[in-house]
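# Structural characterization, general
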Amino acid sequence: MPPLNYFVVESPDAVGREAYERIAGDVLQDLDLIKVIDRLHICVDPKVPIFVAAGLLRHMPRAIRVSDFANVNPGEKETVLDIADETYLAPLLQKLWARFGKENVDQPDRFTVVLPKGVVGDEELEGLVVADPSETLYKDVIYALQYIAPEGFKVRRQYIKDGKFYYVASEDTLPADIVERVVAPIFERMGVSL
Amino acid sequence: MTTLVPVTYKGGVYRHDEIMDLIDDLGGYIVQKHVMAQDVVLQSFVPRDDIDLIREIAKPLAGQVTEAPLVGTEIAVVSPSLEIHHLPHTACDIAEYLRRSGAKTNMVGLSRGFGKRIANLNDEERDIINEHDLAVYALGTFEECIQQKFPVLRRGIQVPIIVTASPDREALMRIIDPPVEGYVGGIGRIMHRFKRPEELAKLDELVDEVSRTLDARRDALARDPLSVFPPRLMAIIEERIHEVSMLTHPTPVTAQMEGLRVKLPYDPYAPAIRSLEVADGVTVGDIADVTPSRMRNYILIRIKPFSETRILV
């Protein structure tokens, strides 16, 4: 059972309710999303048929900048980037190549990147945004919900913004007012408005 | 006539050939040999009276002989799709557990087995499932969905079916009409590996259900025996058609309860198999139907019963 602040699974089918509680727990654990999701409410009714998952995210990770994983050492003729953590090295190189051209970006070894003096200011370089983990986090959360939902429920509507998310899926066409009618009351029960 | 019983031998690679020779000398058959690093697993049929002898000879080699009710059977594990919703857990865990009991399992992932309204079974899937001795349907969670889609998923299936799903056994018996051969409740969509005692108990229940169903079929076969015991025909094919030894499949010739699947292309090899002499003047073509399999371009041999051929090899 995940240690979320609010975790409810509703279903008219008692066996199904229990199974989906376990499925949701396993999926969130597998995808390492338990720390990210704060509240989660799931409703499944195979008779309608409909699957609704709505919830809140705990906090969004901030954007990763050069200064987070590298030291910028200004020299007389060149600026040397000393990479401490390789995780974001590939996106960093992509950004540098795109901005300054490959001829200006030298990488003498794995943990060093050298730029000639004058192409960019040191502070500007330190503040350069390399990656935004929240972008992939959105995808991860939606993927998790897609994974939890019954497979036959292919018609879906999803939303993730400002720490709130919902995922509505069905086998049949979804009614236009499904969000107002079904999702909004769930958010109200969690004490927030959509 | 000695009764052959299905057993599994587990032991080390060291001197395992002695055990293989022993089984051969006793008149038994090795259906599958599996070498994993230092270990060897032999799925075989041995005479009932000689099990103790094999145990005794295997003792200094630290080999174990256990009864394995599913040796010599080929079972289809049918999953509604190959999506992450149904795999790897449930379907693969079921297949793995059945293999431990000696069965050869094949996974059949349906192209459109999901969704209660849109689920269907195409002719290729139907024919492939019908080529097995038994089909295990690994279904999902909701009674409503199972009730609605199972009649579609079983359409045209003639082999015995065992259904596993989340609702309990009684609920499954209530919603599935006409009844199938076996039911195991409590195994639905499970997103983790089966490792808890209650989950493993469910898998044991499934093996019991499968072996009960297959035993019933074996009893029926005993009343009208096959013209040749499939593992015997398998031994003959392996000995006489040398191309079989060059195949890299784990089971180049797969034994079934009433036939064999030979993993050689049909067109070039079917005539050779048909004309293969099993005993004096009796060819495979006399006692069996050699047909193309729907699985790749393999050969499927269906052995005819004694009542039809009046031949018993």
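Here the residue numbering is sequential within each chain, running from 1 through the sequence in written order. The lettering of chains begins at A and the numbering of ligands begins at 1, in the order of writing. Local features are withheld for residues below a pLDDT of 70 in this predicted model, meaning they are given only at 70 or higher, and side-chain atom pairs are given and counted only at 80 or more; totals for whole chains, interfaces and linings count all residues. With hydrogens and water stripped out, all remaining heavy atoms of the structure feed into the side-chain values.

### Thoughts on the packing of helix α1 (residues 16–25) of chain B against helix α2 (residues 51–58) of chain B
All names here are of chain B. The geometry of α1 relative to α2 is characterised by a closest axis approach of 11 Å and an angle of 160 degrees between their N-to-C directions. Taken as axis vectors, α1 and α2 run roughly antiparallel relative to one another. Crossing geometry of α1 relative to α2 is assigned as right-handed. In contact with Ile-19, Leu-22 and Ile-23 of α1, α2 contributes Ile-54, Ile-57 and Ala-58. To obtain each axis, a line is fitted to C-alpha atoms, and for helices this fit is confined to the stretch in contact; angles are then taken between N-to-C directions over 0 to 180 degrees. In this description a helix means any DSSP run of H or I spanning at least four residues, a strand means any run of E spanning at least two, and both kinds are numbered starting from the N terminus. Angles are sorted into four bins: roughly parallel if under 35 degrees, roughly antiparallel if over 145, roughly perpendicular if 65 to 115, and oblique for all others. Should the near helix be turned anticlockwise from the far one by less than a right angle, the crossing is left-handed, and should it be turned clockwise, the crossing is right-handed. In what follows, a contact means two residues having at least one pair of non-hydrogen atoms within 4.5 Å.

### So, helix α7 (residues 197–223) of chain B
Any helix carries an expected span of 1.5 Å times its number of residues minus one. The terminal C-alpha atoms of α7 of chain B, which comprises 27 residues, lie 39 Å apart, in line with the 39 Å expected from a rise of 1.5 Å per residue. Among all positions in α7 of chain B, only Glu-199, Leu-203, Leu-206, Val-207, Glu-209, Val-210, Ser-211, Thr-213, Leu-214 and Leu-221 of chain B are buried. Each residue is assigned to one of three classes by its accessible area relative to the maximum for its type, calculated with a 1.4 Å probe on protein chains only: buried under 20%, partly exposed between the two thresholds, exposed over 50%.

### Things to note about a negative patch on the surface
Think of a patch as exposed residues, more than 30% relative accessible area, with no salt bridge, where like charges cluster within 9 Å and nonpolar side chains (Val, Leu, Ile, Met, Phe, Trp, Tyr) cluster within 5 Å. We get accessible surface area from the Shrake-Rupley algorithm with a probe of 1.4 Å; when it comes to residues, only the shown protein chains can shield them. Each salt bridge in this description consists of a side-chain nitrogen of Lys or Arg and a carboxyl oxygen of Asp or Glu lying within 4 Å of one another. Only four residue types enter the charge count, namely Lys and Arg as positive and Asp and Glu as negative; His and the chain termini do not. Note that the charge is assigned to NZ on lysines, CZ on arginines, CG on aspartates and CD on glutamates. A cluster of like negative charges, contributed by Asp-17, Asp-21, Asp-24 and Asp-25 of chain B, occupies part of the molecular surface. Along the chain, Asp-21 of chain B turns up in helix α1.

### Some thoughts on the domain arrangement of chain A
Taken domain by domain, chain A comprises domain 1 (6–61 + 133–189) and domain 2 (64–131). Taking only C-alpha atoms into account, the centre of domain 1 of chain A sits 40 Å from that of domain 2 of chain A. Note that domain bounds follow an automatic or database assignment of domains.

### As for the interface of chain A and chain B
Interface size is commonly expressed as the accessible area that is lost once the parts come together. Contact residues are listed per partner, giving 26 residues for chain A and 22 residues for chain B. At the boundary of chain A with chain B, total buried surface from both sides reaches about 2000 Å², with 57% on carbon and sulfur atoms. Together, Tyr-147, Glu-151 and Glu-171 of chain A form the three largest contributors to the area buried by chain A at its contact with chain B, with a combined 32%. The partner of Lys-47 of chain A in a salt bridge is Glu-144 of chain B, and the shortest N-O contact between them spans 4.0 Å. Polar contact is the term for a pair of N or O atoms within 3.5 Å; when the atoms are in protein, one must be able to donate a hydrogen and the other to accept it, and sequence-neighboring residues count only if both atoms are side-chain atoms. In this structure, the connection of chain A to chain B is made through 15 residue pairs in polar contact (both at pLDDT 80 or more). Elements with a contribution of two residues or more to the side of chain A that touches chain B: α1 (14–30) and α5 (133–148) of chain A. Tallying contributions element by element places α1 of chain A first for the side of chain A that touches chain B, with nine residues. When two parts are brought into contact, each loses some accessible area as probed by a 1.4 Å sphere; the total of that loss over both is the buried area.

### Points about helix α6 (residues 178–189) of chain A
Residues and elements named next belong to chain A. End to end, α6 covers 17 Å across twelve residues, agreeing with the expected 16 Å (1.5 Å per residue, within 8%). Of all the residues in α6, the buried ones are Ile-178, Val-179, Val-183, Ile-186 and Phe-187. Mapping the buried residues of α6 onto a view down its axis gives an arc of 100 degrees, with all of them on the same face. Along α6, the residues that are exposed and aim more than 90 degrees away from the buried face are Glu-180, Glu-188 and Arg-189. Taken together, the buried residues of α6 touch β2 (37–45), β3 (50–57), β10 (155–161) and β11 (164–170). It is the directions from the helix axis to the C-beta atoms that the arc portrays.

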